[in-house]
Amino acid sequence: MEKGILLSAADIDFMVHGVFPYKLFGQTVWITTTHVCVLIVMLVIIGFCIAANRVIKRATEVPGTFQNIVELIVEMLDNMVGGVMGKYAVGFRNYIGTIFIFILLSNISGLFGLRPPTADYGVTFALGIMTFVTIHFNKFKHQKVKGVIQGLCDPWPIWAPINVIGDVAVPISLSLRLFANILSGVVMMALVYGLLSKIAIIWPAALHVYFDLFSGAIQTYVFCMLTMTYITDACTTE
Amino acid sequence: MEFNTNFILGCSAIGAGLAVIAGIGPGVGQGIAAGHAAAAVGRNPGAKSDVTSTMLLGQAVAETTGLYGLLIAMLLLFVKPLVP
């Protein structure tokens, strides 16, 4: 019964695998493929950042090719954040830009044969928790304790438990949306390569364009957009 | 009452199939959103990029309920929580 439900399940492989275990406080903890893929994505981003830093330090009046690309990326992210958050955008351009680049590269890393790190609930849940903490930190900072309590008892005080559930549901739905979208792409590609391996010659490229590039870019945009909307909502005082 | 493992696996497969029916709702909703977006672009072709980005954002949010169904199906098929 260990062969799984699908007929030739031996060929289909989309699970997270352990690479090597180690002991931590008496528990056995595994370093998995997700850690390795996150590390690779991080190395790519860090390498790009070092190169960009060196170019921008010696910036010229008429930009070269690489300087142009860097300026284009930064300008695009700044405009996106500024367009949504308005006057609150000042402190959040770094954060939103960072998670945008990280999620985008994670999602399209499926193109390069990695298992996308965002197809592991541990990664997306961490991103959701970061958004949750940012939202509530800003809520207490801008609306003060009185405003938060007022918002909690919005129509009547008896509504408070439902409002608490609504607050807790935000990071869960954010992270599950990203996770399930990328996971469905990973499963679909694994099924195509596992079950149709004899005839999967060139046409899976079209599926890669849809599942990795289009879906990944849309979900990145949606995650950042919702994060920005929630934070703007938390900053706004009546 | 004792149940055979194969019986539980078969019931899990049926449950997974039923859970994926949740995809009907987002399909209808995304279709309605796309139809209204097409109408909006027809009325005001200048606002095409704004309408498209708003439509994609709304559709991606509406997709969530269908994805919950997909997740339940995945859990039933691959994690097998009901098999003792």
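The rules we used
- Residues numbered from 1 in each chain as written.
- Chains lettered and ligands numbered in written order.
- Predicted model: local features only at pLDDT ≥ 70, side-chain atom pairs only at ≥ 80, totals over all residues.
- Helix = DSSP H or I, 4+ residues; strand = E, 2+ residues; numbered from the N terminus.
- Rg over C-alpha atoms; globule rule 2.2 N^0.38 Å.
- Buried ≥ 20, exposed ≤ 12 C-beta atoms within 10 Å, placed from the backbone.
- Contact = placed C-beta atoms within 7 Å.
- Nonpolar A, V, L, I, M, F, W, Y, C, P; charged D, E, K, R; others polar.
- Axes fitted to C-alpha atoms, helices over the stretch in contact; angles between N-to-C directions.
- Parallel < 35°, antiparallel > 145°, perpendicular 65-115°, else oblique.
- Left-handed = near helix turned anticlockwise from the far one by under 90°.
- Expected span 1.5 Å × (residues − 1).
- Core = buried A, V, L, I, M, F, W, Y, C linked by C-beta atoms within 7 Å.
- Bend = angle between axes of the 7 residues up to and from the residue.
- pLDDT = per-residue confidence, 0-100.
- Pairing = 2+ DSSP bridges.

**Regarding the overall build of chain B**
Along chain B, the regular secondary structure elements total 4 helices and 0 strands. Listed by position from the N terminus, the elements making up chain B come as α-α-α-α. The C-alpha radius of gyration of chain B comes to 19 Å, more than 25% above the 12 Å expected for a compact globule of 84 residues. Expressed as lengths along the three principal axes of its C-alpha atoms, the size of chain B is roughly 65 × 15 × 15 Å. Burial statistics for chain B: of 84 residues in total, 12% are counted as buried. If you take every contact in chain B between residues at least 6 apart in sequence, the share linking residues at least 24 apart comes to 81%.

**Topic: the interface of chain B and chain A**
Frequently, the measure chosen for interface size is the accessible area that the parts lose on association. The partner chain A presents 12 residues to the 12 residues of chain B that form the contact. Elements supplying a minimum of two residues to the side of chain B that touches chain A: α1 (5-19), α3 (48-62) and α4 (64-79) of chain B. In terms of residue count, α4 of chain B provides more of the side of chain B that touches chain A than any other element does, 5 residues in total. Residue classes in the side of chain B that touches chain A are distributed as 10 nonpolar, 2 polar and no charged.

**What to know about the packing of helix α3 (residues 93-108) of chain A against helix α6 (residues 204-235) of chain A**
The relative placement of two packed helices is expressed as an angle between their axes plus a distance between the axes. Residues and elements named next belong to chain A. Relative orientation of the contacting elements α3 and α6 amounts to 155°, with a least axis distance of 9 Å. Between α3 and α6, the interaxial angle falls into the category roughly antiparallel. Handedness of the α3/α6 crossing: right-handed. Contacts from Ile 96, Ile 99, Phe 100, Ile 103, Leu 104, Asn 107 and Ile 108 in α3 reach Asp 212, Leu 213, Gly 216, Ala 217, Gln 219, Thr 220, Phe 223, Cys 224, Thr 227 and Met 228 in α6. Of the residues assigned to the contact of α3 with α6, the class counts are 11 nonpolar, 5 polar and 1 charged.

**Topic: α4 of chain B**
Taking 1.5 Å as the rise per residue, α4 of chain B with 16 residues should run 22 Å; its terminal C-alpha atoms sit 21 Å apart, in good agreement. Residues of α4 of chain B that are buried make contact with α5 (160-195) of chain A together with α1 and α2 (24-43) of chain B. Lys 80 of chain B lies just past α4 of chain B and shows a positive phi near 50°.

**Some remarks on the nonpolar core**
In this structure, Ile 96, Phe 179, Ala 180, Ile 182, Leu 183 and Phe 223 of chain A are the most contacted members of the largest nonpolar core, which totals 34 residues. Listed by contribution, the elements that provide at least two residues to this core are α1 (33-57), α3, α4 (121-152), α5 and α6 of chain A together with α3 and α4 of chain B. Top contributing element to this core by residue count: α5 of chain A, with 8 residues. Every residue in contact with Ala 180 of chain A, bar those within four places of it in the chain, is listed here: Leu 67, Leu 70 and Leu 71 of chain B.

**Looking at α6 of chain A**
Each α-helix winds once per 3.6 residues, and so residues spaced three or four apart point in a common direction. Here α6 of chain A contains 32 residues, and its C-alpha end-to-end distance of 45 Å stays within 8% of the 46 Å for a straight helix at 1.5 Å per residue. By the largest-angle criterion, Ser 215 of chain A marks the main kink of α6 of chain A, which is about 30°.

**A closer look at the confidence of the model for chain A**
For chain A, per-residue confidence averages 87 on the pLDDT scale, and residues scoring 70 or more make up 95% of the total. Confidence drops under a pLDDT of 50 for residues 1-7 of chain A, and excluding neighbours within four residues, the segment shows 8 contacts in the predicted structure.

**Observations regarding the pairing of strand β2 (residues 27-32) of chain A**
A regular strand places its side chains so that they alternate between the two faces of the sheet. Residues and elements named next belong to chain A. Counting buried residues in β2 gives 0 out of 6 residues, a small share hidden from the surface. When strand β1 (residues 18-24) meets β2, the two strands line up antiparallel, connected through 6 bridges. In the strand pairing of β2, Pro 21 is matched with Trp 30. Taking the residues between adjacent antiparallel strands as the criterion, β1 and β2 are bridged by 2 residues, where Phe 25 takes a positive phi near 50°.

**Observations regarding unusual backbone geometry**
All names here are of chain A. A positive phi angle, near 50°, is found at Phe 25, a position not held by glycine. Note on placement: Phe 25 falls in the loop between β1 and β2. For Phe 25, a count of 5 C-beta atoms within 10 Å translates into the label exposed. At Lys 144, a residue that is not glycine, the phi angle is positive and equals roughly 60°. By the element assignment, Lys 144 lies in helix α4.

**Remarks on the environment of Asp 212 of chain A**
Residues and elements named next belong to chain A. For Asp 212, the location among the structural elements is in helix α6. For Asp 212, a count of 21 C-beta atoms within 10 Å translates into the label buried. Separated by 42 residues in sequence, Asp 212 and Val 170 place their C-alpha atoms 25 Å apart. Apart from the residues within four sequence positions on either side, Asp 212 is in contact with Asn 107, Ile 108, Gly 110, Leu 111 and Gly 185.

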